[in-house]
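# Structural overview
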Amino acid sequence: MSNKNPAEAERRNSTNLRAAVEDRLAHSPPDTALPIRPAEELLHILQVHQIELEMQNENLRQTQLELEESRDRYVNLYDFAPVAYLTLNHQGLISEINLTGTRLLGFERQKLIRHRFARLIVDDDREHWNKCFQAVLNDMGSCVCEVMLRRSDDSTFWAQLDFLYQKGENGVESVRTVLTDISVRKRSEKLLHESEEKYRAIFEGTLDGIVLVDDSGMIVDFNPEFVQQSGLSPERLMQTRIWELRPADQSERAQARFFSVLETGQGGVAEVKYRKPDGGVINIEFRSALIRISNKRYMQSIVRDITEHKSRELELRNYQQLLRDMAANSSASREAESKRIAREVHDELGQLLTALRMDISLLRIEFGDRDPLLKAKIQDMLVLVDKSIQGVRDVTANLRPAALNMGIVPAIAWLCDEFPERTNTACTLRVINDPVNLDDARTVALFRIVQESLTNIARHAQATHVEITVEQNGDDIVLKIHDDGKGFDPVARPENQSFGLMGMRERAIALGGEVIIDSAPSEGTVVSVRSRIFHVCPGRRADD
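A brief report on the enclosed structure follows. A quick note: this is a predicted structure, and the numbers were derived from the prediction, not measured.

## Some remarks on the overall build of the protein chain
If you tally the helices and strands in the protein chain, you get 14 helices and 15 strands. Look at the contacts in the protein chain between residues 6 or more apart in sequence, and 51% of them connect residues 24 or more apart.

Have a look at this one:
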């Protein structure tokens, strides 16, 4: 560091220099051959030398100041460097250490100088440190090692030690050491390692296949489940592009799909059949997504074997179709039974009541004028018979309206005429194209759907007008029942809580058709029914 009193130091240096010069002059041999010069010349020469010496002295003084400033800068840089610097001798004793090192270790500088560095290292890492230190001394080179150090408060931290061998001009060996606190890095490495282990455990242990494909389509990683699904060896998979796993006739389409995912960034779900090398066929589901790793694009696919699921799904569909066929058969049987009962009621009971009315009318004609009381009684009997006949007609109409025998349009027209009488709600029918080639089963089913819709309107809609549209569109018949009632939210009202709507859908499905309900609160409801005019349901014989 620089002297605190420069003037005193300069005076002391000048005195020391004069004494050294006089001593050298006193011991110098006399020069007998010196020329005799005039005093004026000698004075001039002395003045010149004095000025030269003063200039040299000033330069030396300036150089000394610069050196002291440079030394101070070095000391500051050394002591307050962001990492710890220390020097070890060949015995491993600390000979120098900066302030950063003392703060990092938690000791005062005096307590570290001339003490063994090894005592700061935890027991498990001392052997590793000793091997690295001795290697630096033996090879006169450098070495890097990572050890755990102990502070003065017995807390520990991870440190990286960078050793560099040095040998001074006096032949003294030393090891310059840079000590860096790497605890944060070590914790990050530990967390990263744990994360990698978790990822690998999930990746290897999942029940679904996982495959990672680079942007050229080459398979770069996969889990054991995918190896089993593919039936190929891991070595073969690493040499395969993803679309090469598909059959030859589907490979081009799969390749186009792959590059489409890369271009749009939109993954998706696909179900395909895959034939293994051993000939076995499985159904698999691909769920693909585009991901980025180190700024490079990859496609990750979750591959699930859904063969068993597909088998159960097919079995469930078969059972559902069987249930629908049974329900349709039961409905057809009920309709047939209703038709038979309606015919018997109409033919048998209706004929009997008609005959009874004729007999009562004859009694009134023959005996009514003779006895006024008998005439009144006969009139009451005629009223009761007429009510019975009307009741028979109502029962017959409820079992099977006679208009059904004339086709779907007359049957719906009968419903439109009958609906206002029960509900005081106007109902109109609009026929765009009369479907004349509709079979009886389809006619009855569509009639019941319209009938159920009108029943729902009467119970819930609070409508003032209903319009029914009938149209044949190609091979389809389309019915629309539109009311201006209060409507409802189909999402907030599950179908399993409305057996009427569910029954309408099932009737349409049994005919190979569909029912679409479009409604919203305060906006009315539109029930659209579409069905093929000629259709045979799966699992049912054409002549059923």
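## What to know about the sheet that holds strand β14 (residues 514–519)
Reading across from one edge, β11-β12-β13-β15-β14 is the order of the five strands in this open sheet, with mixed pairing throughout. Looking at strand neighbours, the two that pair on one side only are β11 (426–431) and β14, the edges of this open sheet. Averaged over all pairs of adjacent strands, the angle between their axes in this sheet comes to 15 degrees, without regard to strand direction. Across eight bridges, the pairing between strand β12 (residues 465–473) and strand β13 (residues 476–483) is antiparallel. Across the sheet, residue Glu471 finds its bridge partner in β13, namely Val478. Along the sheet, helix α12 (residues 408–423) contacts β11, β12 and β13; its crossing angle with β11, the most-contacted strand, is approximately 165 degrees. Against the sheet, helix α13 (residues 440–461) contacts β12, β13 and β15 (525–532), and its axis sits at roughly 10 degrees relative to β13.

## With respect to the state of the cysteines
Structurally, a disulfide amounts to a covalent bond that connects the sulfur atoms of two cysteines. All told, the structure shown has one disulfide when counted by the stated rule. The residue that forms a disulfide with Cys132 is Cys143, at a sulfur-sulfur distance of 2.1 Å. Across the S-S bond of Cys132 and Cys143 the torsion is about -130 degrees, and the bridge reads as left-handed. Highlighted residues: Cys132 in helix α5 (residues 126–139) and Cys143 in strand β3 (residues 142–150), separated in sequence by eleven residues. By the burial criterion, Cys132 is buried, and Cys143 matches it. Distance from the sulfur of Cys145, which forms no disulfide, to the nearest cysteine sulfur (Cys132) is 4.1 Å.

## Describing the environment of Leu88
As for its placement among the helices and strands, Leu88 is situated in strand β1 (residues 84–89). In sequence terms Leu88 and Phe133 are 45 residues apart; their C-alpha atoms lie 9.8 Å from each other. Setting aside residues up to four positions removed in sequence, Leu88 forms contacts with Leu93, Ile94, Ser95, Phe117, Trp129, Phe133, Phe163, Ser174, Val175 and Thr177.

## Quick notes on the pairing of β12
Pairing between β11 and β12: six bridges, direction parallel. From the neighbouring strand, Arg430 faces β12, where its bridge partner is Thr469. In this view, the connection linking β11 to its parallel neighbour β12 by way of α13 has left-handed handedness. Following β12, the chain reverses through two residues before pairing antiparallel with β13; Gly474 in that reversal takes a positive phi of roughly 65 degrees.

## Side note on the pattern of salt bridges
Scanning all chains against the criterion turns up 20 salt bridges. For Arg287, the salt bridge identified is with Glu285, shortest N-O distance 3.2 Å. By relative accessible area, Arg287 is classed as partly exposed at 45%. We note a salt bridge from Asp475 to Arg532, for which the minimum N-O separation is 3.5 Å. On the criterion of sequence distance, the pair formed by Asp475 in the loop between β12 and β13 and Arg532 in strand β15 is long-range, its members being 57 residues apart.

## A word on the packing of aromatic side chains
If you walk through the whole model with that rule in mind, you get eight aromatic pairs. Arranged with centres 5.6 Å apart and planes meeting at 55 degrees, the rings of Trp129 and Phe163 form a pair that is tilted. With a gap of 34 residues between them, Trp129 in helix α5 and Phe163 in strand β4 (residues 156–167) connect regions that are remote in the sequence. Across the pair, Phe163 and Trp129 agree in class, each one buried. Within the aromatic cluster, the residues linked to one another by ring pairs are Phe117, Trp129, Phe133 and Phe163. Over the face of the ring belonging to Trp158 we find Lys186, whose NZ or CZ atom lies 4.6 Å from the ring centre.

## Some details on unusual backbone geometry
Even without being glycine, Asn295 reaches a positive phi, approximately 65 degrees. Along the chain, Asn295 falls in the loop between β9 (281–293) and β10 (296–305). Even without glycine at this site, Asn424 takes up a positive phi of about 60 degrees. As for its position among the elements, Asn424 is in the loop between α12 and β11. On the basis of relative accessibility, which here comes to 75%, the residue Asn424 falls in the exposed class.

## A short note on the pairing of β14
Burial of the side chains of β14 is restricted to one face: Val515, Ile517 and Ser519 are buried, whereas none of Glu514, Ile516 and Asp518 on the reverse face is. Note: β14 against β15, six bridges, orientation antiparallel. Residue pairing across strands places Val515 opposite Val529, the latter belonging to β15. The hairpin formed by β14 and β15 contains five residues between the paired strands, and Ser522 there has a positive phi angle of roughly 70 degrees.

## Some details on the side chain of Ser528
By the secondary structure assignment, Ser528 is in strand β15. Setting aside residues up to four positions removed in sequence, Ser528 forms contacts with Leu479, Lys480, Glu514, Val515 and Ile516.

## Some words on the packing of α12 against α13
Relative orientation of the contacting elements α12 and α13 amounts to 15 degrees, with a least axis distance of 10 Å. Classed by the angle they form, the pair α12 and α13 counts as roughly parallel. For the crossing formed where α12 meets α13, the hand is right-handed. Across the interface between the two elements, Ile408, Ala411, Ile412, Trp414, Leu415, Phe419 and Thr423 from α12 touch Thr443, Leu446, Phe447, Val450, Gln451, Leu454, Ile457 and Ala458 from α13. Split by residue class, the contact of α12 with α13 holds twelve nonpolar, three polar and no charged.

## Considering a nonpolar patch on the surface
Residues Tyr319, Leu322, Leu323 and Met326 make up a contiguous nonpolar surface patch of about 430 Å² in total accessible area. Assignment of secondary structure puts Leu322 in helix α10 (residues 307–367).

## Comments concerning the sheet that holds strand β8 (residues 268–275)
Within a sheet, adjacent strands bond to each other through the backbone by hydrogen bonds, running parallel or antiparallel. With antiparallel pairing, five strands are arranged side by side in an open sheet as β7-β6-β10-β9-β8. Each end of this open sheet is capped by a strand with a single partner; those strands are β7 (219–222) and β8. Neighbour-to-neighbour, the strand axes of this sheet turn through a mean angle of 30 degrees, independent of strand direction. In the sheet, β8 pairs with β9 via eight bridges, with the strands oriented antiparallel. Note on β9: the bridge partner recorded for Gly268 is Ser288. Contacts from helix α9 (residues 248–264) reach β6 (209–214), β8, β9 and β10, with the element oriented near 130 degrees to β10.

Cut-offs and rules
- Residues numbered from 1 in each chain as written.
- Predicted model: local features only at pLDDT ≥ 70, side-chain atom pairs only at ≥ 80, totals over all residues.
- Heavy atoms only, no water.
- Helix = DSSP H or I, 4+ residues; strand = E, 2+ residues; numbered from the N terminus.
- Contact = heavy atoms within 4.5 Å.
- Pairing = 2+ DSSP bridges.
- Axes fitted to C-alpha atoms, helices over the stretch in contact; angles between N-to-C directions.
- Disulfide = S-S within 2.5 Å.
- Buried < 20%, exposed > 50% of the residue type's maximum accessible area, 1.4 Å probe, protein only.
- Right-handed = clockwise from strand over helix to strand, strands pointing away.
- Salt bridge = Lys/Arg side-chain N within 4 Å of Asp/Glu carboxyl O.
- Phe/Tyr/Trp six-rings, centres within 6.5 Å; stacked < 30°, edge-to-face > 60°.
- Lys NZ or Arg CZ within 6 Å of the ring centre and 35° of its normal.
- Parallel < 35°, antiparallel > 145°, perpendicular 65-115°, else oblique.
- Left-handed = near helix turned anticlockwise from the far one by under 90°.
- Nonpolar A, V, L, I, M, F, W, Y, C, P; charged D, E, K, R; others polar.
- Patch = residues over 30% accessible without salt bridge, like charges linked within 9 Å, V, L, I, M, F, W, Y side chains within 5 Å.
- Areas by Shrake-Rupley, 256 points an atom, 1.4 Å probe, with all protein chains shown as cover.

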